[in-house]
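Below are the chains, spelled out letter by letter.
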Amino acid sequence: MALRKIVTSKDPILRKKSRTVEAFDEKLGILLDDMKETMYKHEGVGLAAVQVGILKRAIVIDVGEGLIELINPVIIKTKGSQEDSEGCLSFPNEFGLVERPNEVTVRAQNRKGETIEYSGTGLLARAFCHEIDHLDGVLFVDRAKEMLEPEHNRPRRRRFFDRLER
Ligand code: CO
């Protein structure tokens, strides 16, 4: 395994759409292992392949309930809503208030190409949505109602849309 460099917010690759994975080969396994190591090293709860510069529909997630690897994931069911602070390894020290469904079911493939399904609530549901957004070039800052103080997650006086105009 090896650490990979995480792409940060200014890099235009984060806006690109990732491609469907068709080859479930050794190269994919190496990518997933490296993504896992990189996510844990930076204490993230999720990482999409595009964040290490690879435009493949592959994500890793661990919200403290064990590692989940999703290839070509699709959200097939959502229920309810939740509003909470959200961040991203590509946006160090930036947090925003983002509304997400409270329950999410995803269908995907594992690294062998087998179909798998996961359901999650709370943070896991949030992570599914956040990481799957990455595969379509969508970032949490696009969905944030407002950006929050990095350390205390308090609402800023200045709203997010004001920040954009600075
Ligand atoms: Co992210």
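This text goes with the structure placed above it.
Caption draft 1: Representation of helix H2 (residues 122-135) within the structure. A rise of 1.5 Å per residue sets the reference length of H2, with its 14 residues, at 20 Å; its end C-alpha atoms lie 21 Å apart and thus fit the reference within 8%. In the stretch just after H2, glycine 137 is the one whose phi turns positive, near 75 degrees.

Caption draft 2: Summary view of the coordination of the cobalt ion. Protein coordination of the cobalt ion is provided by Cys88 (SG), His130 (NE2) and His134 (NE2), with donor distances spanning 2.0 to 2.2 Å. Mapped onto the polypeptide sequence, the residues donating to the cobalt ion form the spacing pattern C-x41-H-x3-H. On the criterion of sequence distance, the pair formed by cysteine 88 in the loop between strand S4 (82-86) and strand S5 (95-100) and histidine 134 in helix H2 is long-range, its members being 46 residues apart. For the pair cysteine 88 and histidine 134, one class covers both residues: buried.

Caption draft 3: Up close: the nonpolar core. Grouped together as the largest cluster of nonpolar side chains are 30 residues, with contacts concentrated most on Ile59, Ile61, Leu70, Phe128 and Phe140. Elements with a minimum of two residues in this core: strand S2 (58-61), strand S3 (68-79), strand S6 (103-109), H2 and helix H3 (140-143). Judged by nonpolar contacts, the second largest core, of 13 residues, contains Val21, Met35, Leu47 and Val60.

Caption draft 4: Just the packing of aromatic side chains, in detail. Evaluated as defined, the whole model comprises 1 aromatic pair. Ring geometry for phenylalanine 91 versus phenylalanine 140: centroids 5.4 Å apart, planes at 90 degrees, classification edge-to-face. Of this pair, phenylalanine 91 sits in the loop between S4 and S5 while phenylalanine 140 sits in helix H3; the two residues are 49 residues apart in sequence, bridging distant segments of the chain. Of the residues examined, phenylalanine 91 reaches a relative accessible area of 7% and is grouped as buried. Of the residues examined, phenylalanine 140 reaches a relative accessible area of 2% and is grouped as buried.

Caption draft 5: Highlighting the side chain of aspartate 34. Structurally, aspartate 34 is set in helix H1 (residues 26-41). A relative accessible area of 6% places aspartate 34 in the buried class. Excluding residues within four positions of it along the chain, aspartate 34 makes contact with Met1, Ala2 and Arg4.

Caption draft 6: Fine view of the environment of threonine 20. Mapped onto the elements, threonine 20 comes out in the segment before H1. Each C-alpha atom of the pair threonine 20 and lysine 56 lies 6.1 Å from the other, and the pair is 36 residues apart in sequence. In this structure threonine 20 touches Arg57 and Asn72, once residues within four positions along its chain are discounted.

Caption draft 7: Structural context of unusual backbone geometry. Here the phi dihedral of asparagine 72 falls at roughly 50 degrees; this positive angle occurs in a residue that is not glycine. Mapping asparagine 72 onto the fold places it in strand S3. You can call asparagine 72 buried: its relative accessible area is 13%. With phi around 65 degrees, asparagine 93 is a residue other than glycine that occupies positive phi space.

Caption draft 8: Here's a closer look at the environment of valine 45. Along the polypeptide, valine 45 turns up in the loop between H1 and strand S1 (46-48). Of the residues examined, valine 45 reaches a relative accessible area of 35% and is grouped as partly exposed. Sequence spacing of valine 45 and leucine 67 is 22 residues, and the spatial spacing of their C-alpha atoms is 9.4 Å. Beyond its immediate chain neighbours, meaning those up to four positions away, valine 45 contacts Met39, Val60, Ile61, Asp62 and Val63.

Rules behind the numbers
- Residues numbered from 1 in each chain as written.
- Predicted model: local features only at pLDDT ≥ 70, side-chain atom pairs only at ≥ 80, totals over all residues.
- Heavy atoms only, no water.
- Helix = DSSP H or I, 4+ residues; strand = E, 2+ residues; numbered from the N terminus.
- Expected span 1.5 Å × (residues − 1).
- Donors = N, O, S within 2.8 Å, 3.2 Å for Na, K, Ca; no water.
- Buried < 20%, exposed > 50% of the residue type's maximum accessible area, 1.4 Å probe, protein only.
- Core = buried A, V, L, I, M, F, W, Y, C linked by side-chain atoms within 4.5 Å.
- Phe/Tyr/Trp six-rings, centres within 6.5 Å; stacked < 30°, edge-to-face > 60°.
- Contact = heavy atoms within 4.5 Å.

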